Amino acid sequence: PRVAAIVGVGILPEYSRYDTYTMAQASLDEAVRNVLASGAEYGTPESVLALLDNFCWPDPLTNPKVAGDLARAGYGLRDAANALGLPFVSGKDSMKNDFRGKKDGQSVKISVLPTVLVTALGRITDLKRARTSEFKRAGDRVFLLGPHRFSLLGSQFERVGLSHPEARPLPPADWAAAKRLYAWLGSDRSTRLRSCADISEGGTLVAVTESLFAYRLGFEFDPAWSAEANLSDYFGEGLHSFVVSIGPEHEIDLIREWFTAGIAFTKLGSTTTKRSMPLPGGSVPIDAFESAWRTPS
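Description of the structure in this document. (Residues numbered from 1 in each chain as written. Predicted model: local features only at pLDDT ≥ 70, side-chain atom pairs only at ≥ 80, totals over all residues. Heavy atoms only, no water.)

**Considerations on the pairing of strand β12 (residues 276-279)**
Which entries qualify depends on this criterion: Two strands form a pair only when DSSP identifies at least two bridges running between them. Put simply, DSSP H or I for four residues or longer makes a helix, DSSP E for two residues or longer makes a strand, and each gets a number counted from the N terminus.
Strand direction decides the pairing type here: β12 and strand β13 (residues 282-285), joined by four bridges, are antiparallel. The residue bridging P278 from the neighbouring strand is S283, located in β13. Counting the residues between successive antiparallel strands, the hairpin from β12 to β13 contains two residues.

As C-alpha cells, this is what we get:
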C-alpha cells in the first residue's frame, strides 16, 4: 500500500471574545477532525498523529488580562492533547501583535484577537483509504456523527451580524465521546463511508450544502430531524462532529455498529437527483447556494 501524510489546521479566534480555553481546545479539535475526515489513522499504539501550536497574541507583558488569557489557552491545549493522547512536537509563539499609531491626533492601539493556530500531522496507511467531503451518489444516506452540542455563540451566524435567543454558552468538549468516534473514524471500519466532512464554519447546513456541489446533487432532510431542528441545529458550531454519507446497503449495519461503540449519530436525510433542498422557509435551489458560496464576501 502507498502510505500518505496529511496535514490539517484549526483556528477559531472568535471564541477568544468569550473564553481562550475553549478557543484553544476547539482549534485543536478542528485540526484533528480535518485529518480524520480525510482518512488519517488514530486510536492504536502504532497510529501516527501529532500536533503543532502557533500562538499569535497581543503583548501579555503589558496587560494582565491578556496574560491570563494566554495561560488559559495553554491549559486548554494541554487538557485537550492529554485527553486525546496526542503529542505536541513543535510550535511557534508571536507575542507582540499590537499596532500603535495615531488617528485624528489621538494615540490608538489595535491588537489581534488572542489566537492559536493548531496544525495536525497524520498518516494514511493506505492511500486507497483517503476520503473526500463531497456526496457521491443520489440515494445515499447522510448522518451527523458526534455529540453535536452546537452553539450560535462565536459562530459564523453571529459573525455576519445575526443574533438569536438560542445563542447559549460556548460548545463544551466531550473528550470521552470524541475518542470513541475518532478511534472508529481512524480505523478500517470507517472505509464504508462514501464521504466525510467535519462541521465547522456555518454549521451543519453549510457542511451538507457544500457537499452537494461537486456531483450536482440535491438533498432532503429526514422528517424526524427537521421537525425538531432549530437555528442552532442548522447554523450552530461546536466540537467533535462530522457529516458523513453512506450507501443504503450499509445503513443498518453501521447504525448497529455506532450504537454498540457508543458513538452518537443522527440521520439527517438523503441525497437526491433533484437540485434543491426543502427548508422551513421553502425549497431552495442548490444553484442558489452555490452561487452565494462562490461570491466573494
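**Side note on the nonpolar core**
Note the cut-off: Joining through side-chain atoms within 4.5 Å is the link that ties buried Ala, Val, Leu, Ile, Met, Phe, Trp, Tyr and Cys residues into a set, and such a set is a nonpolar core. Exposure categories follow from relative accessible area, calculated using a 1.4 Å probe and restricted to protein chains: below 20% of the type maximum is buried, above 50% is exposed, and the middle band is partly exposed. Should any heavy atoms of two residues lie within 4.5 Å, those residues are considered in contact.
Ranked by internal contacts, the top residues of the largest apolar core, which has 49 residues, are L28, L84, Y182 and W258. No other element matches the nine residues that helix α1 (residues 20-37) contributes to this core. If we ignore the near neighbours within four places in the chain, the residues touching W258 are F143, L145, W184, L193, I246, I263 and F265. Core analysis: the next-biggest nonpolar cluster, separate from the first, contains 21 residues, L144, V208, L212 and W225 among them.

**Brief notes about the pairing of strand β3 (residues 88-94)**
Pairing analysis gives six bridges linking strand β2 (residues 49-56) to β3, with the strands arranged parallel. Its bridge partner lying in β3, F55 is registered against D93.

**Considering the sheet that holds strand β6 (residues 115-124)**
How we decide: Fitting a line to C-alpha atoms yields each axis, with helices limited to the stretch in contact; the angle taken between N-to-C directions then spans 0 to 180 degrees.
Strand order across the open sheet formed by four strands is β1-β6-β2-β3, with mixed pairing between neighbours. Either end of the sheet is taken by a strand with one partner, and the two such strands are β1 (4-10) and β3. The mean inter-strand angle of the sheet, taken between neighbouring strand axes irrespective of direction, is 15 degrees. Sheet contacts for α1: β1, β2, β3 and β6; angle to β1, the most-contacted strand, approximately 150 degrees.

**Regarding the side chain of H240**
So the rule is basically this: As used in this structure description, the phrase polar contact means that two N or O atoms lie within 3.5 Å; if the pair is within protein, one of them must be able to donate a hydrogen and the other to accept it, and residues adjacent in sequence are counted only when both atoms belong to side chains.
Inspection of the secondary structure puts H240 in the loop between α7 (231-235) and β10 (242-246). Given the relative accessible area of 1%, H240 is considered buried. At 2.9 Å, the side chain of H240 and the backbone nitrogen of D174 are in polar contact. Engagement of the side chain of H240 in a polar contact is seen with the side chain of Y182, the distance being 3.2 Å.

Worth remembering: the numbers are spatial, not functional.
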